[in-house]
Each structure stands twice: as C-alpha cells, then as structure tokens.
Amino acid sequence: MMTNEQVLEIFQKTGGVLKGHFKLTSGRHSDTYMQCAKLFVDTDSAATLCKELAEKLKDIPCDIVVSPAVGGILMGYEMARQLHVPNIFAERENGAMTFRRGFSLPENAKVIVVEDVVTTGGSVKEVVKLVQDSGCTVSAVASIVDRSNGKVDFGVKFVNLLSMEVISYEPDECPLCKQGLPIYKPGSRA
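Residues numbered from 1 in each chain as written. Predicted model: local features only at pLDDT ≥ 70, side-chain atom pairs only at ≥ 80, totals over all residues. Heavy atoms only, no water.

Draft legend 1. Broad picture of the nonpolar core. Ranked by size, the top nonpolar core spans 33 residues in total, and within it Phe11, Leu57, Met79, Leu83 and Ile144 carry the most contacts. Mapped by element, the contributors of at least two residues to this core are α1 (4–13), α2 (36–39), α3 (43–56), α4 (73–83), β6 (110–118), β7 (137–146) and β8 (157–163). Per-element tally for this core: the top contributor is α3, with five residues. Look past the residues within four positions of phenylalanine 11 in its chain and what remains in contact with it is Gly16, Val17, Met34, Gln35, Cys36, Leu39, Leu49, Ile144 and Val145. Core analysis: the second largest hydrophobic core is formed by 22 residues, Ile64, Ala90, Met97 and Val118 among them. (Core = buried A, V, L, I, M, F, W, Y, C linked by side-chain atoms within 4.5 Å. Buried < 20%, exposed > 50% of the residue type's maximum accessible area, 1.4 Å probe, protein only. Helix = DSSP H or I, 4+ residues; strand = E, 2+ residues; numbered from the N terminus. Contact = heavy atoms within 4.5 Å.)

Draft legend 2. Highlighting the pattern of salt bridges. Tallying each qualifying case throughout the model produces nine salt bridges. Note that glutamate 55 and lysine 58 form a salt bridge whose closest N and O atoms lie 2.9 Å from each other. One network of salt bridges, with partners in common, ties together Glu91, Glu93, Arg100 and Arg101. (Salt bridge = Lys/Arg side-chain N within 4 Å of Asp/Glu carboxyl O.)

Draft legend 3. Structural context of the environment of threonine 3. As for its placement among the helices and strands, threonine 3 is situated in the segment before α1. Along the sequence, threonine 3 and leucine 162 sit 159 residues apart, while their C-alpha atoms lie 8.1 Å from each other.

Draft legend 4. Spotlight on the packing of α1 against α3. Where α1 contacts α3, the axes come no closer than 10 Å and their chain directions differ by 160°. Comparing the axis directions of α1 and α3 gives the class roughly antiparallel. For the element pair α1 and α3, the recorded crossing hand is left-handed. In this structure, α1 contributes Val7, Ile10, Phe11 and Lys13 to the contact, and α3 contributes Ser45, Thr48 and Leu49. Taken together, the residues that form the contact of α1 with α3 break down as four nonpolar, two polar and one charged. (Axes fitted to C-alpha atoms, helices over the stretch in contact; angles between N-to-C directions. Parallel < 35°, antiparallel > 145°, perpendicular 65-115°, else oblique. Left-handed = near helix turned anticlockwise from the far one by under 90°. Nonpolar A, V, L, I, M, F, W, Y, C, P; charged D, E, K, R; others polar.)

Shown next as structure tokens:
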C-alpha cells in the first residue's frame, strides 16, 4: 500500500498541488488546492492511484460506480475500469443532482460513489441520497484525497488514499482576503 507521502508526491509531480488563495467548491477559502484535473492529465499517474484505491475496495460489493460531475467523471471512469464494473455520473439540473443522458442504476445495485477530492462532502452526500432514492445501496464512498482529515461522515464506509487537513476559512474570516490577495476559483463550479 502507498503511503500518504507517495500519494502526495504523485500529486506534486503532476502539478496537482496548488498554492495561492482559492475559493473552494464549498465556498470556503484556502491557501492550498488539490487539483485532480492536473493529476488526470497524466493517465499513468491517475491509473496508479486509482488502482491503489481499487485495491482498498476489493472486498466491498460493487455493481456500478457513480460519481458527481464534473470533477468526479474522469476518476469514476478509471475507478470503474479498475473494479471491472460500469460507471455513470450524476450532474446538476435546476440545482439538484440527477441522472441525465439516459443514465440509470440497475435494480438493487450496490454502488460505490467516487469523488476526486472531498472537503465538506456536499456533492457526494447529494449523490449518495440520489442513489438511495433510486432504491439502491451505497456500499462505500471513495476518494483520492480527503481534505476533511476524516471529519466528513457519509453514513457509509469512506475509503481514501490521502487524508489531510488543509486549513480553510469562511470568506468573512479569511486572512488571505484581509491581506487583499486575489482569489482564484479553479474548481468545477465557477
């Protein structure tokens, strides 16, 4: 099994660890951003990390992988490939996560929900609810990076490769804002 240091080294090699002043998808601000899109440009590195994560999931029942769009789509595909199951993604329509594009879940499917980086887990929680509302079971949630350092609770098993606490701030308490530093929004929800 890979260590946190080895996973972080792959992220750094691919340019996936950004430093600056960032607005996270959750709305919080941080000086560090884990950009999985940069990781997935390097298909060998992405496959290495997803294979490692799939190994941690090998004893968990899975009929299909589901991920939230946009950030989780590439990871969902690679995780499903590693687990030898189909994959689909959920996306927002009128502000709510839904299955579009003719996607649906097999009846009584056992699902692993995957997301590249989890901070507050908001999008993942929406996908978990969507899967459960479809009459299926979420066997586990999996991510490459857990930025909550284990604090997020999905109500099911949560498996990740790298657990770290990256300090983030509410916008009105952000010291980077108080310094007047420009803010960047590199995530999938601009």
